[in-house]
Amino acid sequence: MMNIKKTRRDLHGVLLLDKPQGLTSNDALQKVKRLFNAKKAGHTGALDPLATGMLPICFGEATKFSQYLLDSDKCYRVIAKLGERTDTSDADGQIVSTKPVDITESQINEALTHFRGDILQVPTMFSALKYQGKPLYEYARQGIIIDREARPITIYKNQFIQFDVEKNELTLEIHCSKGTYIRTIVDDLGERLGCGAHVIYLRRLQVSNYPIENMVTLETLEEMNDRDHLLMPVDSPLQDWPKVILTHAQGDDILLGRTIELDTSKAVETLVRIYQDEQFIGAGIQQFNKLSPKRLISTS
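Predicted model only: the values in this text are computed from it and were never measured.

1. Considerations on the pairing of strand β16 (residues 279–296)
For step 1, the next point in the chain: In this structure, strand β15 (residues 260–276) lies alongside β16, joined through ten bridges in antiparallel fashion. Its bridge partner lying in β16, Ile-274 is registered against Gly-282.
For step 2, the next point in the chain: Connecting the antiparallel pair β15 and β16 is a turn made up of two residues, with Asp-277 showing a positive phi of about 50 degrees.

2. Some points on helix α5 (residues 182–193)
For step 1, the next point in the chain: Taking 1.5 Å per residue as the helical rise, α5 with its twelve residues ought to reach 16 Å, and the 16 Å between its terminal C-alpha atoms agrees with that figure.
For step 2, the next point in the chain: Among the residues of α5, Ile-182, Arg-183, Thr-184, Ile-185, Val-186, Asp-187, Leu-189, Gly-190 and Leu-193 are the ones counted as buried.
For step 3, the next point in the chain: Downstream of α5 by a residue or two, Gly-194 has a phi angle that is positive, lying close to 85 degrees.

3. Here we look at the pattern of salt bridges
For step 1, the next point in the chain: Here the structure, examined in full by the defined rule, presents 13 salt bridges.
For step 2, the next point in the chain: Here Glu-173 makes a salt bridge to Lys-157, at a shortest N to O gap of 3.2 Å. Placement of Glu-173 in strand β11 (residues 169–176) and of Lys-157 in strand β10 (residues 151–164) is noted, with a sequence separation of 16 residues between them.
For step 3, the next point in the chain: The buried category is assigned to Glu-173, whose relative accessible area is 17%.
For step 4, the next point in the chain: One salt-bridge network, held together by shared partners, links Arg-77, Lys-157 and Glu-173.

4. A look at the packing of aromatic side chains
For step 1, the next point in the chain: Applying the stated rule across the entire model yields four aromatic pairs.
For step 2, the next point in the chain: Seen from their ring centres, Tyr-68 and Trp-241 are 4.7 Å apart, and the 70 degrees between their planes marks the pair as edge-to-face. In this pair, Tyr-68 sits in helix α2 (residues 66–70) while Trp-241 sits in the loop between α6 (218–223) and β14 (243–246), placing the two residues 173 residues apart along the sequence. Just as Tyr-68 is buried, Trp-241 falls in that class too.

What counts, and at which threshold
Note that residues are indexed from 1 along each chain, following the sequence as it is written. In view of the model being predicted, local features appear only for residues whose pLDDT reaches at least 70, and side-chain atom pairs are presented and counted only at 80 or more, with totals across whole chains, interfaces and linings using the full set of residues. The basis for every side-chain value is the complete set of non-hydrogen atoms in the structure, without hydrogens or water. Strands were regarded as paired on the criterion that DSSP finds at least two bridges between them. Strands here are runs of E lasting at least two residues and helices are runs of H or I lasting at least four, both read from the DSSP assignment and numbered beginning at the N terminus. Take the residue count of a helix, subtract one, and multiply by 1.5 Å to get its expected span. Burial classification: accessible surface area is computed with a 1.4 Å probe over protein chains only, and a residue below 20% of its type maximum counts as buried, one above 50% as exposed, and the rest as partly exposed. Criterion for a salt bridge: a side-chain nitrogen of Lys or Arg within 4 Å of a carboxyl oxygen of Asp or Glu. Stacked, tilted and edge-to-face are the three classes assigned to paired rings of Phe, Tyr and Trp, where Trp is represented by its six-membered ring and a pair needs centres within 6.5 Å; plane angles under 30 degrees give stacked, over 60 edge-to-face, the rest tilted.

Laid out in structure tokens, this is it:
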């Protein structure tokens, strides 16, 4: 009997997946892609297998704007185990040192002040950052340490939630800029407290301004027949950008790659989302009264 391959669908939009623990982000992406039988899909910012929570999956034309979600702010709930440091800074690694924990809540709050605002962070070796074409974690698994430059990040909120003295478990809520490694914050915090620490629980609560209540689990998706209504619009990755509505003629010029003149002016160069007669057609750059296309969708 011949196997008839299902034709993949042209599907466009963004799904807010609640990624389960134990799966890589790519494994979760492939499962979702199969469930939707979609031609093209990509995720926006990997979560470690240990981590759960919001993983936006972009389909079709929405993949053109996934980079802007990669660059967006994120919110996390994290539980750190104090007294133990691991080689990966999380529970998936090997314990490399143990120390007694004799600290107070006030000491924790004082230490947290060093992990707020604009700070420099040295990325963990167990990251997907590339060195000579290979991710750092490949070197780390071979026991090779690569010098990494500290990178500027912003911690908007690093809030103490609770400290379980019996279990030596510290719960924090962190709102941070792109490029922030929560594992590294926890590891650095443990060193500042003098006892060591590693991540035992990590949940991404939010990406950009996507609503938490719109997240959906793999189990729910698997039980549904009609899933398309869960997709958010193609322009949702740009929801915080200013909106420019063009006439049909102006829209045609932009779709041909031309720079056009607008009636309004912005002295600072600004990224905008562009609509032709209320239909989203892509992203552009506006400076003064000039509007140039940056990333356009296929309107065929």
